[in-house]
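Take a look at the letters that make up each chain.
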Amino acid sequence: PLVRGLGDVYKRQNMPTAKLEADSFTDDEIDAINLVFGAGLATTKSEARRTIQQGGVSVDGEKVADIAAKFPKSMFEGDGVVVKKGKKSFVKVSVN
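Residues numbered from 1 in each chain as written. Predicted model: local features only at pLDDT ≥ 70, side-chain atom pairs only at ≥ 80, totals over all residues. Heavy atoms only, no water.

> Residues and numbers for the packing of aromatic side chains, please.
Scanning all chains against the criterion turns up 1 aromatic pair. Between the aromatic rings of F25 and F76, the centroid separation amounts to 5.9 Å while the plane-to-plane angle is 55°, which identifies the pairing as tilted. A residue pair is termed long-range when its members are at least 10 positions apart, and F25 in the loop between β1 (17-20) and β2 (29-31) and F76 in the loop between β5 (70-72) and β6 (81-85) qualify at 51 residues. Per residue, the accessibility class of F25 equals that of F76, and both read buried. (Phe/Tyr/Trp six-rings, centres within 6.5 Å; stacked < 30°, edge-to-face > 60°. Helix = DSSP H or I, 4+ residues; strand = E, 2+ residues; numbered from the N terminus. Buried < 20%, exposed > 50% of the residue type's maximum accessible area, 1.4 Å probe, protein only.)

> Explain unusual backbone geometry to me, and be specific about the residues and the numbers.
Of note, the phi angle at D27 is positive, near 50°, even though the residue is not glycine. Within the secondary structure, D27 is located in the loop between β1 and β2. Using a relative accessible area of 72% as the deciding quantity, one classes D27 as exposed. Phi is positive for D28, close to 60°, though the residue is something other than glycine.

> I'd like a rundown of the nonpolar core, residues and numbers included.
L35, V64, F71, F76 and V93 are the most contacted members of the largest nonpolar core, which totals 24 residues. Secondary-structure elements contributing two or more residues to this core are β1, α2 (32-38), α3 (45-53), β3 (57-59), β6 and β7 (89-95). Among residues more than four places away in sequence, those in contact with V64 are A32, I52, V57, S58, V59, A69 and F71. (Core = buried A, V, L, I, M, F, W, Y, C linked by side-chain atoms within 4.5 Å. Contact = heavy atoms within 4.5 Å.)

> Residue-level account of the side chain of D31, with values.
Relative to the elements of secondary structure, D31 occurs in strand β2. In this structure D31 is buried but unpaired, with K70 as the nearest side chain of opposite charge at 4.5 Å. Polar contacts involving the side chain of D31 include one to the main-chain amide nitrogen of I33, which spans 3.1 Å. A polar contact of 2.9 Å, which involves the side chain of D31, links it to the side chain of N34. Ignoring any residue separated from it by four or fewer positions in sequence, one finds D31 in contact with I67, A69 and K70. (Lys, Arg positive; Asp, Glu negative; His and termini not counted. Salt bridge = Lys/Arg side-chain N within 4 Å of Asp/Glu carboxyl O. Polar contact = N/O pair within 3.5 Å; in protein donor to acceptor, adjacent residues only side chain to side chain.)

> Could you give me a rundown of the side chain of K73, with the residues and numbers involved?
Here K73 is to be found in the loop between β5 and β6. Buried within the structure, K73 lacks any salt-bridge partner; D28 is the closest side chain of opposite charge, at an N-O distance of 4.2 Å. When neighbours within four sequence positions are excluded, K73 is seen to be in contact with A22, F25, D28 and V95.

> Go over the environment of R49 with me, naming the residues and quoting the values.
Within the secondary structure layout, R49 lies in helix α3. Through-space distance from the C-alpha of R49 to that of F37 is 9.1 Å; in sequence the pair is 12 residues apart. In this view, R49 contacts I33 and I67; residues no more than four positions away in its chain are not counted.

Shown next as structure tokens:
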């Protein structure tokens, strides 16, 4: 277990990052599809929608199953949030 924990710390330090532009947000919120697409975890919004519907996306460790889910801009300020697609694709997302 100790080695696995160290690996998690290593991954966090070397995690890929993505910056969302302020105009990605509507009324200071972003929906799940635009978040996954904007983070570069999907090449199209359709792919983002399918991945979310199939339960393959989590935001800060919480599984996202609703394509209409919205996230406040304040969530992405500071260190940002880890958005994960599947088991191996993850990006730390923050606001530009």
